[in-house]
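Overview (structure and organization)
As a plain string of letters, each chain reads:
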Amino acid sequence: LVGVTHECDHPPAVAALPRVTRTLIPTDISSAAIDALVRERLKSRRALYTLDLPLLTSLRPDLLVTQALCDVCAVAEAEVQAAACLLPGGPRVLNLEPTTLEEVFAAVLQVGQATGREAQARVVVDGYRARVAQVAARSESLRAEERPRVAFLEWLDPLFCGGHWSPSLIEQAGGLDVLGSPGARSQEIAWERVLQAQPQVMILACCGFTAARTLEDLPLLQARPGWATLPCVQAGRVYVTDGNAYFSRPGPRLVESLELLAHALHPTLHPPPREGLAQQVGVDRGSCSGSAVVDRG
C-alpha cells in the first residue's frame, strides 16, 4: 500500500502514507450547509473531491482501488479511470460497490485476489463471518416482541435514514429497522415518518461525523415536535456513535458496528464489542434526552 485517500484513518498505520485525494467541501460548516453544497455540486456535476495526479504519478501504483457506490463519498470512478490512463505502467482499476455486509466480504476477497493475497483474504473473511454468525445465533433466541423498533438516522439536517447494510445489521443485532430497507440507498425522510414509527431505540450515526460532531446536531432533533414523546426518548435509548468509523464505510469495521449495535440493543444478551464501545453515558433528559454510545477514540 503506497497511498490512501484523505479520509483513510484505519488502521492507524495508514496515517503515515501519502494522501492522494482532498475534499472540496468545507468541514467547518453546518450539516444543512454541507447538504446544500453536496446537492448543488451533484446537480451541476462538479467534483466533490480531487485527485493529486502528480503525487499519484510519483507513487507509480500497480493497482487503484476505488468505489462508485456513493458519488458523495469518493472521487468519481470516471476520474480514476482517466487518471489510470495517464499514469506510468497503466495501473489496473478495481471498483468496489458493496451494498450489504456479505458483499463487503466479497470485496475483501476481490482485493485479495487482485493483490495476490487471496489465501490471506479468505482467512480474514472467515474470521469476520464467524463473528457475525455468533451475533446472529444469539439474536435467534429472541422472541418477536423482544426485538425493539429501531430508527437509524445517518444525517440530521435534513433527516436521512440509513440504508445499504445498516437495516440488515440491525436485524442481525436483534432489532427491527422501521425506516430503512436492506440494500437500498439511504434516503431523505420526513420527521412525520419517525413519529409514526414510534421507535423504541434510536441510533444516530451521521455519515462522516464523529460522535462528538453528531452530538452538536442533537438539539435539532430535540426541537422537533413530538420528540419528547417518542418511546426511545422516554426510555433513554437514544444512542450516538461514530458514523465515520463504524457505519458510513463499506469495510471490515462493519463487523464491529454489528457488535456495537447488538450490545446496545440487548446488553444482557450480547457482550460489549472488542472495540468501539467504551461506555454508555446517561445524559440528562432535559438536555440530550437519552444515552450516548461513546467510542474509545
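Here, every reference points to the structure presented above.
Residues numbered from 1 in each chain as written. Predicted model: local features only at pLDDT ≥ 70, side-chain atom pairs only at ≥ 80, totals over all residues. Heavy atoms only, no water.

1. Topic: the packing of aromatic side chains
Aromatic ring pairs: the centre-centre distance and the angle between the two ring planes describe each pair. Rules: Ring geometry is summarised as follows: Phe, Tyr and Trp rings, the Trp one being its six-membered ring, pair when their centres sit within 6.5 Å, and such pairs are stacked at plane angles under 30 degrees, edge-to-face over 60 and tilted between the two. Helix numbers and strand numbers start at the N terminus; a helix is a DSSP run of H or I with at least 4 residues, a strand a run of E with at least 2. Think of it in three bands: with a 1.4 Å probe and only protein chains considered, a residue is buried below 20% of the maximum accessible area for its type, exposed above 50%, and partly exposed in between.
Per the counting criterion, the structure on display carries 4 aromatic pairs. Centre to centre, the rings of W155 and F209 are 4.9 Å apart; their planes meet at 40°, and the pair counts as tilted. Pair noted here: W155 is in strand 5 (residues 149-156) and F209 is in the loop between strand 9 (201-204) and helix 8 (211-222), with a separation of 54 residues, a long-range link. Taking the relative accessible area as the measure of exposure, W155 reaches 10% and is therefore buried. F209 gets classed as buried once you look at its relative accessible area, which sits at 8%.

2. Quick look at the pattern of salt bridges
Test applied: In what follows, salt bridge is the name for a side-chain nitrogen of Lys or Arg lying within 4 Å of a carboxyl oxygen of Asp or Glu.
Overall, the coordinates contain 8 salt bridges when judged by the stated rule. Salt-bridge contacts for D9 lead to R249; the nearest nitrogen and oxygen are separated by 2.9 Å. Highlighted residues: D9 in the segment before strand 1 (21-23) and R249 in the loop between helix 10 (243-246) and helix 11 (254-265), separated in sequence by 240 residues. Judged by its relative accessible area of 27%, R249 is partly exposed. In this structure, R253 engages E256 in a salt bridge whose closest nitrogen and oxygen atoms are separated by 3.6 Å. The exposure classification of R253 matches that of E256, with both residues buried. Taken together, the shared-partner salt bridges in this structure form one network comprising R143, E145 and E146.

3. Focus on helix 5 (residues 118-139)
Threshold: Multiplying 1.5 Å by the residue count of a helix minus one yields the expected span of that helix. Comment: arc refers to directions from the helix axis out to C-beta atoms.
Its 22 residues place the ends of helix 5 31 Å apart at the C-alpha level, agreeing with the 32 Å of an ideal helix rising 1.5 Å per residue. Looking only at helix 5, the buried set comprises A121, V125, Y128, R131, V132, V135 and S139. Buried positions in helix 5, seen along its axis, are confined to an arc of 120° and lie on one side of it. Turned more than 90 degrees from where helix 5 packs its buried face, A119 and V123 sit exposed.

4. A closer look at the state of the cysteines
Applied cut-off: By convention in this document, the label disulfide applies to cysteine sulfur atom pairs within 2.5 Å.
Counted according to the given criterion, the structure contains 0 disulfides. Unpaired in terms of disulfides, C206 finds its nearest cysteine sulfur in C207, a separation of 8.7 Å. Look at C206 and you get buried, because its relative accessible area is 0%.

5. Re the packing of helix 6 (residues 166-173) against helix 11
Our working rule: With axes taken as lines fitted to C-alpha atoms, and helix axes fitted only over the stretch in contact, angles between N-to-C directions fall between 0 and 180 degrees. Orientation labels follow simple angle bins: below 35 degrees gives roughly parallel, above 145 gives roughly antiparallel, 65 to 115 gives roughly perpendicular, and whatever is left gives oblique. The crossing is said to be left-handed when, going from far helix to near helix, the turn is anticlockwise and less than a right angle, and right-handed when the turn is clockwise. Between two residues, a contact is recorded if the distance between any of their heavy atoms is within 4.5 Å. For this scheme, ten residues count as nonpolar: Ala, Val, Leu, Ile, Met, Phe, Trp, Tyr, Cys and Pro. Four count as charged, namely Asp, Glu, Lys and Arg, and the remainder, Gly too, count as polar.
Packing of helix 6 against helix 11 leaves a shortest axis separation of 8 Å and a crossing angle of 50°. Compared by their axis directions, helix 6 and helix 11 come out oblique. Both helix 6 and helix 11 take part in a crossing whose hand is right-handed. On helix 11, the residues that touch L169, I170, Q172 and A173 of helix 6 are L254, S257, L258, L261, A262 and L265. Classifying every residue of the contact of helix 6 with helix 11 by side-chain character gives 8 nonpolar, 2 polar and no charged.

The values reported here are purely geometric and, on their own, carry no functional implication.
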